[in-house]
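Spelled out from the first residue to the last, the chains are:
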Amino acid sequence: MTTWLKKIQSPTLIFFSCLLVVSVIIGFLSKPYFTEHIFYADNNKYSFDHKQGNQMIYRSGTADSIQVQVEQQKRTVSISDQKYIITELSSTPIPTYSVSYPNERKYEVKDQSGLLLSFDEQGNIVNSVSFYVNNQRVISEGEERYSPDTIVTAAYPLYHYTQGEPVYLFLALAGLIFGWCSFYYRKFQDILFLLSLRWIWVNDPEPSDFYYFMTKIGGIVVMVGAIGVAFKAF
């Protein structure tokens, strides 16, 4: 009984139990974040809200909603009572779309291996980069508030994407385990010493007290760094 209680209270068991609980909680809470498909329009993030008949509604926490009316070869995107009509001109070999604006301007958008490129009526490429001054959008003369590729992106879920990099969470988990083993286990520290090949060119091939101390410090640094890596996932 005493031996069993000591095992329960061992630092390793406590560490891995806490790590397991935290991992499950983070995985559960972050799943919607990593699996939700989003797109950006005028620097506002949109995600799917609901569907009404053949109309899809996308919501943003910082701007008005976007409605997409779906028909066979045509889609209508409504933003702030402005309607943009998208017509699919071709699907192969290069998906091409025509975008008609409320101001009667027309643009053509081509899908170049997943990259949407916009062209005006003269065939000139349209710059989709927006400029901001003091967090305020600066619209130059002749520039549309919503670029043609943005309108096409809003109209077709094919061009929506998931956010975040969950692989960083797995890297952080591996870093925490490696850091703990480096900090707590003498045998693991000995293995690291052998893998470092230091014993080949030293007179005394045994790890010194200073080596063990620095390995413990290194383990702490790795665990702290792993926490920082985890935040990069979001």
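Below or above, wherever it landed, is the structure these notes cover. Everything quoted here is computed from the prediction, not taken from an experiment.

What counts, and where the lines are drawn
Residues numbered from 1 in each chain as written. Predicted model: local features only at pLDDT ≥ 70, side-chain atom pairs only at ≥ 80, totals over all residues. Heavy atoms only, no water. Helix = DSSP H or I, 4+ residues; strand = E, 2+ residues; numbered from the N terminus. Rg over C-alpha atoms; globule rule 2.2 N^0.38 Å. Buried < 20%, exposed > 50% of the residue type's maximum accessible area, 1.4 Å probe, protein only. Contact = heavy atoms within 4.5 Å. Areas by Shrake-Rupley, 256 points an atom, 1.4 Å probe, with all protein chains shown as cover. Lys, Arg positive; Asp, Glu negative; His and termini not counted. Charge placed at Lys NZ, Arg CZ, Asp CG, Glu CD. Pairing = 2+ DSSP bridges.

Observations regarding the overall build of the protein
Of the regular secondary structure elements, the protein holds six helices and twelve strands. By the compact-globule yardstick of 17 Å for 234 residues, the protein is too spread out, its C-alpha radius of gyration being 28 Å. Reported as C-alpha extents along the three principal axes, the dimensions of the protein are approximately 80 × 50 × 40 Å. Per-residue burial for the protein yields a buried fraction of 31% across its 234 residues. Within the protein, residue pairs in contact and separated by at least 24 positions form 43% of the contacts whose partners lie at least 6 positions apart. Total accessible area on the protein stands at roughly 15400 Å², and carbon and sulfur atoms take up 60% of it. In the protein, 19 positive and 21 negative side-chain charges are present, and the distance between their average locations comes to 11 Å.

Some words on the pairing of strand β4 (residues 66-70)
Along any regular strand the residues' side chains alternate between the sheet's two faces. Two strands pair when backbone bridges link them, and strand β3 (residues 55-59) and β4 are joined in this way by four bridges, in the antiparallel orientation. Within β4, the position partnered with Met56 by the bridge is Val68. Between the end of β3 and the start of β4, which pair antiparallel, lie six residues. Pairing analysis gives five bridges linking β4 to strand β5 (residues 74-79), with the strands arranged antiparallel. Considered in β5, the bridge of Gln69 is made with Thr76. Hairpin remark: β4 followed by β5, antiparallel, with three residues in the connecting loop.

So, the sheet that holds strand β8 (residues 106-112)
On the basis of which strands lie adjacent, the open sheet formed by ten strands has the order β9-β8-β7-β6-β5-β4-β3-β2-β1-β12 and antiparallel pairing. Because the sheet does not close on itself, it has two edges, and the strands there are β9 (115-119) and β12 (161-162).

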